[in-house]
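Chains, contacts and geometry: an overview
Residue strings, one per chain:
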Amino acid sequence: MKRTLILILFVLLVGCGTENLIEKPQNIFSDNTVLEDYPYANSTDIYTSTERYTIDGTNRETLYLGTDELDYSVLYVNDEWLYYYDADDEGTGTLRRIPLHKGKDGRDVVDIEKKEVIRDTQHEKGFTIVGNYYVGISYGTVGILHNMDTGETVRQNIPEELLYSKNIEGEDKKWYVLAQGNDWVLWGGNGMMLQKIPSGEISALEEEDNTATVASDNNYIIYAVNKHSCYQYDVVKNKKKAIVKAEQIGKALCQGLDISQNEIDSFSIDNIMVNDYRIYLQLKVKTIQKNVIEQRYVILSQNREERGVLSYDTQLNSVLKNNFVGKEKKMGKKTIYRENSSFVLNIGELWFIKSKHYYCYDEKTDSVKEIDKDDREWNICYAVCEGGLEDIC
């Protein structure tokens, strides 16, 4: 699978005090995380538009895809093809691909001389690659599914309730990829919709024009559209359900924080992260400390399979607190971690944090280190987002 890059609140009657939590660190990471699950990596290499790395984030090499007159963006890579997009001054462009094969050193040989033109994307307001399929939205109104092996193309109209207003110009009827699996693409734009592969069937998930926060694996999509509602969509069964109730949120916040009802009511969902075992919600919560309103990030988590109790994640919250509050206090500065330190991404046992600088928490070694562009952990993030941590943040 290639992966890309939430709650209903009812009024509670009382606030709560801090519980004395004793929690053993959880083994919450899979040992078989594979970077080729992500769009910009295959079994041996990670790609950006100008560079590539070995799969462990080391051995940087310059990558040159064509002339200096065009801007290039890598779109997708597997062990057979590197797909990339070039854009000209008029904002139109062409999707191309370059065949790959493994060399004597086990890494990709990029045979630029054999590059192929796949499609002129001028009229596609959003497109991606899933396996051997080109998937796009034409003129903002029609879903396109093009089999690059057979040449067959399937077209499907976007559901009427998700069409942009006729008053909106064609170039503004944009759709963008929120997530994708082996046989589907989740689109965001004038609402949210799911496009199936190979049927081309399109289903409306949400009609509101909101920016969604999404996490997924190949069978489930977990998303928030209004920062207060969390849903799970079963791709196989085509069913949506709310997965966390407001009472659970309030109780989980009370586990780790001395927090009032007004502070509970202030929460909003900032990020959703998943691994093989758990779902993680990162909340923004406004708290009052010595008459000063501060914004802090709080991590709640829930077992995926058993749909267990949503709980205050002692391990991850302590990572934010212990590694940043202490440093700020020792430096004689005001405590600012509640506003500036948050998790932005997790890849296997690696959790990436943005504060004034970037950090990586390694769950396997239970350690945190500051990282920059010279570190392999930084480069691993290019597998998820071509622009890396700076684009994700």
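It should be noted that the structure appears before, not after, this text.
Right, let's walk through the structure included here. For every chain, the first residue of the written sequence is number 1, and numbering continues from 1 onward in sequence order. Per-residue local features of the predicted model are confined to residues with pLDDT of at least 70, and side-chain atom pairs are confined, for both listing and counting, to 80 or more; whole-chain, interface and lining totals are unaffected and use all residues. In computing side-chain values, all of the structure's heavy atoms are included and hydrogens and water are not.

The next thing to look at is the side chain of Ser 138. Helix numbering and strand numbering both begin at the N terminus, where a helix is a DSSP run of H or I of at least 4 residues and a strand a DSSP run of E of at least 2. Counting through the fold element by element, Ser 138 comes out in strand β10 (residues 133–138). Look past the residues within four positions of Ser 138 in its chain and what remains in contact with it is His 123, Glu 124 and Ile 144. It only takes one pair of heavy atoms within 4.5 Å for two residues to be counted as in contact.

Attention now goes to a negative patch on the surface. Negative charge collects at one region of the surface, where Glu 160, Glu 161, Glu 207 and Glu 208 lie side by side. Tracing the backbone shows Glu 161 in the loop between β12 (153–157) and β13 (176–180). Remark: exposure states derive from per-residue accessible area (1.4 Å probe, protein chains only) relative to the maximum for the residue type, with buried under 20%, exposed over 50%, and partly exposed in between. Residue classification places Glu 161 among the partly exposed residues on the basis of a relative accessible area of 42%. Residues with no salt bridge and a relative accessible area higher than 30% make up the patches, which join like charges within 9 Å and nonpolar side chains (Val, Leu, Ile, Met, Phe, Trp, Tyr) within 5 Å. Only the protein chains shown count as cover for residues, and all accessible areas are computed by the Shrake-Rupley method using a 1.4 Å probe. Only one rule defines a salt bridge in this text: a Lys or Arg side-chain nitrogen within 4 Å of an Asp or Glu carboxyl oxygen. For the purpose of charge, His is not counted, nor are the chain termini; Lys and Arg are scored as positive and Asp and Glu as negative. In this description, the location of a charge corresponds to atom NZ of lysine, CZ of arginine, CG of aspartate or CD of glutamate.

Turning to the sheet that holds strand β2 (residues 51–54), a few remarks are in order. Two strands qualify as a pair provided DSSP detects at least 2 bridges between them. Read across the open sheet, the 3 strands follow the order β1-β2-β3; overall the sheet is antiparallel. Two strands in the sheet have a free side with no partner beyond their single neighbour: β1 (45–47) and β3 (61–62).

We now examine the pattern of salt bridges. Two side chains carrying opposite charge are able to pair once their charged atoms lie near each other. A full pass over the atoms with the stated rule returns 15 salt bridges. For Glu 124, the salt bridge identified is with Arg 119, shortest N-O distance 2.7 Å. The structure contains a network of salt bridges with shared partners spanning Asp 45, Arg 52, Glu 61 and Arg 107.

For the rest of this paragraph, the subject is the sheet that holds strand β14 (residues 184–189). If you walk across this open sheet you meet the 4 strands as β13-β14-β15-β16, and the pairing is antiparallel. Since the sheet does not close on itself, it has two edges, and those belong to β13 and β16 (202–206), each with one partner. Across the sheet, the mean angle separating the axes of adjacent strands is 30° when strand polarity is ignored. Here 6 bridges tie β14 to strand β15 (residues 191–196), and the two strands are oriented antiparallel to one another. The partner of Trp 184 across the bridge, within β15, is Lys 196. Fitted lines through C-alpha atoms serve as axes, helices being fitted only where they are in contact, and the angles separating the N-to-C directions of these axes extend from 0 to 180 degrees.

Turning to the pairing of strand β21 (residues 268–274), a few remarks are in order. Along any regular strand, the residues point their side chains to alternate faces of the sheet. Within β21, 6 of the 7 residues are buried, which leaves it mostly tucked inside the rest of the structure. Taken together, the 6 bridges between β21 and strand β22 (residues 278–289) define a ladder with antiparallel strand orientation. When the bridges of β22 are listed, Ser 268 appears paired with Lys 284. Taking the residues that link successive antiparallel strands as the turn, the β21-β22 hairpin has 3 residues.

Two rings from Phe, Tyr or Trp (for Trp, the six-membered ring) form a pair when their centres sit within 6.5 Å of each other. Planes less than 30 degrees apart are called stacked, planes more than 60 degrees apart edge-to-face, and all others tilted. Scanning all chains against the criterion turns up 10 aromatic pairs. Where Tyr 358 meets Trp 378, the ring centres are 5.0 Å apart and the plane angle is 85°; that geometry is what we call edge-to-face. Of the two residues, Tyr 358 sits in strand β27 (residues 358–362) while Trp 378 sits in helix α5 (residues 376–380), which places them 20 residues apart along the sequence. Among the aromatic residues, those joined into a cluster by ring pairs are Tyr 85, Phe 127 and Tyr 134.

Turning next to the pairing of strand β26 (residues 350–354). Burial analysis of β26 places 4 of its 5 residues in the buried class, which makes it a mostly covered element. Pairing geometry for strand β25 (residues 342–347) and β26, over 5 bridges, is antiparallel. The residue of β26 that forms the bridge with Asn 346 is Trp 351. Taking the residues between adjacent antiparallel strands as the criterion, β25 and β26 are bridged by 2 residues, where Gly 348 takes a positive phi near 60°. Here 5 bridges tie β26 to β27, and the two strands are oriented antiparallel to one another. Within β27, the position partnered with Ile 353 by the bridge is Tyr 359. Between β26 and β27, which follow one another and run antiparallel, lie 3 residues.

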